[in-house]
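Structural overview for review
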Amino acid sequence: MTNITPKGAALITGASSGIGAVYADRLARRGYDLVLAARDEGRLQALSTRLRAEAGVKVDVLKTDLTVRDDIRKLEARLRDDANLTLLINNAGAALFEPFAVADADSLDNLIQLNVTAVTRLANAAAAGFSQRGRGTIVNIGSIVGLMPQFKSTVYGATKAYVLYLSESLNDELAGSGVTVQAVLPGATRTEIWDRSGRGIENVPSEILMHVDELVDAALAGLDQGELVTIPSLPEAADWAAVTTARANLQPNLSRPHPAARYGLKIPEPA
Ligand SMILES: NC(=O)c1ccc[n+]([C@@H]2O[C@H](COP(=O)([O-])OP(=O)(O)OC[C@H]3O[C@@H](n4cnc5c(N)ncnc54)[C@H](OP(=O)(O)O)[C@@H]3O)[C@@H](O)[C@H]2O)c1
């Protein structure tokens with residue numbers, strides 16, 4: 001895919017099912033060419049055949065395991081070097097809901113490779129390529145679980161808290177570069193992730209479960225509105241703004257030369 005097209009192309013990880021597959025559909029209809037990555041090549045090929053026919057866009061399929069370093073490196077090279085790429089949907093991910101003390105350490109490590117290491121490396125390559133070319137958008141798929149340590153999804157939640165921090169910080173760093181960043185924080189969404197993680201979607205109350213089409217359409221509406229953080233089911237944007245303001249208000253007292261008086265320490269007088 002070397003031709004430069006008006007919208008450019010979107011690289012979508014985890015495009016073989018769920019949220020990633022709906023992004024592929026919606027972005028094709030918006031006129032983006034696509035680069036689709038996931039492990040299940042058959043599903044990616046079927047999706048690409050449909051989208052070429054229905055939307056008339058170019059679609060490349062890259063069979064990729066994001067826990068394999070050589071596979072990630074191929075996507076990184078594409079993000080850096082393909083001048084037609086203007087959008088990264090950093091979406092592939094998995095969940096684990098086992099209690100931390102009984103969880104298998106290798107499974108946790110694998111989850112971190114997928115949800116943190118791969119996301120970071122791809123965002124890094126996109127930040128380099130997009131800022132050099134002066135335009136581009138990085139969308140990172142987090143989760144509302146990353147805001148809620150009480151949800152008992154210890155490592156999954158921690159990986160998603162990481163995605164939020166990465167996105168907010170990256171947005172700061174890239175200000176003025178022509179690169180836009182968005183973190184999307186879905187709540188429970190009807191996809192395969194539940195069955196894959198062993199929780200079973202039948203155990204998720206229907207009153208908190210969003211249809212995946214609505215989730216992606218809201219995420220794209222948030223992107224169109226210039227939101228840095230999109231929480232599709234949150235009615236009042238001001239509620240999220242209040243959280244970030246409360247956090248920012250801590251700043252003057254987060255790093256000082258002495259501990260706070262409430263610890264009752266004797267602070268030596270300056271000599
Ligand atoms: N559904 C929810 O309730 C929910 C809520 C909050 C956040 N999210 C986030 O949304 C994102 C998408 O998940 P989903 O809900 O759409 O679930 P999903 O239907 O299970 O999709 C996950 C995607 O990730 C890909 N993937 C998994 N392991 C991979 C690997 N090692 N290498 C490459 N690709 C891999 C899968 O493709 P292959 O199996 O073909 O590789 C699949 O395309 C995840 O980051 C998830 O944490 C979901």
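Just so it is clear, the structure is predicted and the values come from calculations on it, not from any experiment.

1. Here's the deal with the site of the ligand
Around the ligand, the surrounding shell holds 31 residues, and the nearest of these are Arg39, Asn91, Tyr156, Thr189 and Thr191. Within the contact set of the ligand, an oxygen atom lies 3.3 Å away from a side-chain nitrogen or oxygen of tryptophan 194. In isolation the ligand exposes 880 Å². Once the protein is present, 96% of that is buried. Looking at the shell around the ligand, the elements that each hand over two or more residues are helix 1 (18-29), helix 5 (154-173) and helix 6 (193-197). Take the shell around the ligand: its biggest share by element is three residues, from helix 6.

2. Structural notes on helix 4 (residues 105-133)
Side chains that are three or four residues apart share a direction in an α-helix, a result of its 3.6 residues per turn. The terminal C-alpha atoms of helix 4 lie 40 Å apart, and with 29 residues this matches the ideal 42 Å at 1.5 Å per residue to within 8%. Where helix 4 bends most, at glutamine 113, the angle is about 35°. Looking one or two residues beyond helix 4, the residue adopting positive phi is glycine 134, at roughly 80°.

3. Examining the nonpolar core
Among the nonpolar cores identified, the biggest contains 31 residues, and Ile12, Tyr23, Leu27, Leu34, Leu36 and Val139 are the most heavily contacted of them. Of all the elements in the fold, those that place two or more residues in this core are strand 1 (9-13), helix 1, strand 2 (33-38), helix 2 (41-55), strand 3 (59-63), strand 4 (85-90), strand 5 (136-141) and helix 7 (212-224). The biggest single contributor to this core is helix 1, with seven residues. When near neighbours in sequence (up to four residues on either side) are disregarded, isoleucine 12 contacts Gly20, Tyr23, Ala24, Leu27, Leu34, Val35, Leu36, Ala37 and Ile89. Counting 27 residues, the second-largest nonpolar core is a separate cluster that includes Val119, Val163, Leu166 and Val181.

4. A short note on the pairing of strand 4
Regular strands place side chains that alternate from one sheet face to the opposite one. Counting buried positions along strand 4 gives six out of six residues, so the element sits mostly inside the fold. Across four bridges, the pairing between strand 1 and strand 4 is parallel. What sits directly across from leucine 11, in strand 4, is leucine 88. Sheet topology places strand 4 next to strand 5; four bridges connect them, and they run parallel. Within strand 5, the residue paired with leucine 88 across the bridge is isoleucine 138. After leaving strand 4, the chain enters helix 4 and then returns to the sheet as strand 5, a path that is right-handed.

5. Points about a nonpolar patch on the surface
Where nonpolar side chains cluster on the molecular surface, the patch consists of Tyr263, Leu265 and Ile267 and spans about 300 Å² of accessible area. Turning to its location among the elements, isoleucine 267 is positioned in the segment after helix 8 (237-249). Isoleucine 267 gets classed as partly exposed once you look at its relative accessible area, which sits at 34%.

6. Topic: the layout of surface pockets
Roughly 370 Å³ of internal volume is contained in the second largest pocket. Around the second largest pocket, the lining is made up of 13 residues, and of these Leu164, Tyr165, Glu168, Ser169 and Arg247 lie nearest the centre. Sorting the residues of the lining of the second largest pocket by element identifies helix 5 and helix 8 as the ones contributing at least two each. Top contributing element to the lining of the second largest pocket by residue count: helix 5, with seven residues. For the lining of the second largest pocket, the per-class residue count stands at seven nonpolar, three polar and three charged.

7. Let's talk about unusual backbone geometry
With a phi angle near 60°, lysine 152 is a residue other than glycine that sits in the positive phi range. For lysine 152, the position within the fold is in the loop between strand 5 and helix 5. Owing to a relative accessible area of 66%, lysine 152 belongs among the exposed residues under this scheme.

8. Points about the pattern of salt bridges
Tallying each qualifying case throughout the model produces 16 salt bridges. Two residues, aspartate 82 and arginine 78, come together in a salt bridge whose shortest N-O distance is 3.0 Å. Looking at arginine 78, the relative accessible area reads 17%, which means it is buried. Each member of the salt-bridge network shares a partner with another, and the members are Asp25, Arg26, Arg29, Arg50, Glu54, Asp213 and Asp217.

What counts as what
- Residues numbered from 1 in each chain as written.
- Predicted model: local features only at pLDDT ≥ 70, side-chain atom pairs only at ≥ 80, totals over all residues.
- Heavy atoms only, no water.
- Near = heavy atom within 4 Å.
- Polar contact = N/O pair within 3.5 Å; in protein donor to acceptor, adjacent residues only side chain to side chain.
- Areas by Shrake-Rupley, 256 points an atom, 1.4 Å probe, with all protein chains shown as cover.
- Helix = DSSP H or I, 4+ residues; strand = E, 2+ residues; numbered from the N terminus.
- Expected span 1.5 Å × (residues − 1).
- Bend = angle between axes of the 7 residues up to and from the residue.
- Core = buried A, V, L, I, M, F, W, Y, C linked by side-chain atoms within 4.5 Å.
- Buried < 20%, exposed > 50% of the residue type's maximum accessible area, 1.4 Å probe, protein only.
- Contact = heavy atoms within 4.5 Å.
- Pairing = 2+ DSSP bridges.
- Right-handed = clockwise from strand over helix to strand, strands pointing away.
- Patch = residues over 30% accessible without salt bridge, like charges linked within 9 Å, V, L, I, M, F, W, Y side chains within 5 Å.
- Salt bridge = Lys/Arg side-chain N within 4 Å of Asp/Glu carboxyl O.
- 1 Å grid on protein atoms, 1.4 Å probe; cavity = no way out; pocket = protein on both sides within 12 Å on 5 of 7 lines; lining within 4 Å.
- Points joined across faces, edges and corners; volume = space filled by probe spheres on them.
- Nonpolar A, V, L, I, M, F, W, Y, C, P; charged D, E, K, R; others polar.

Honestly, it's all geometry; don't read function into it.
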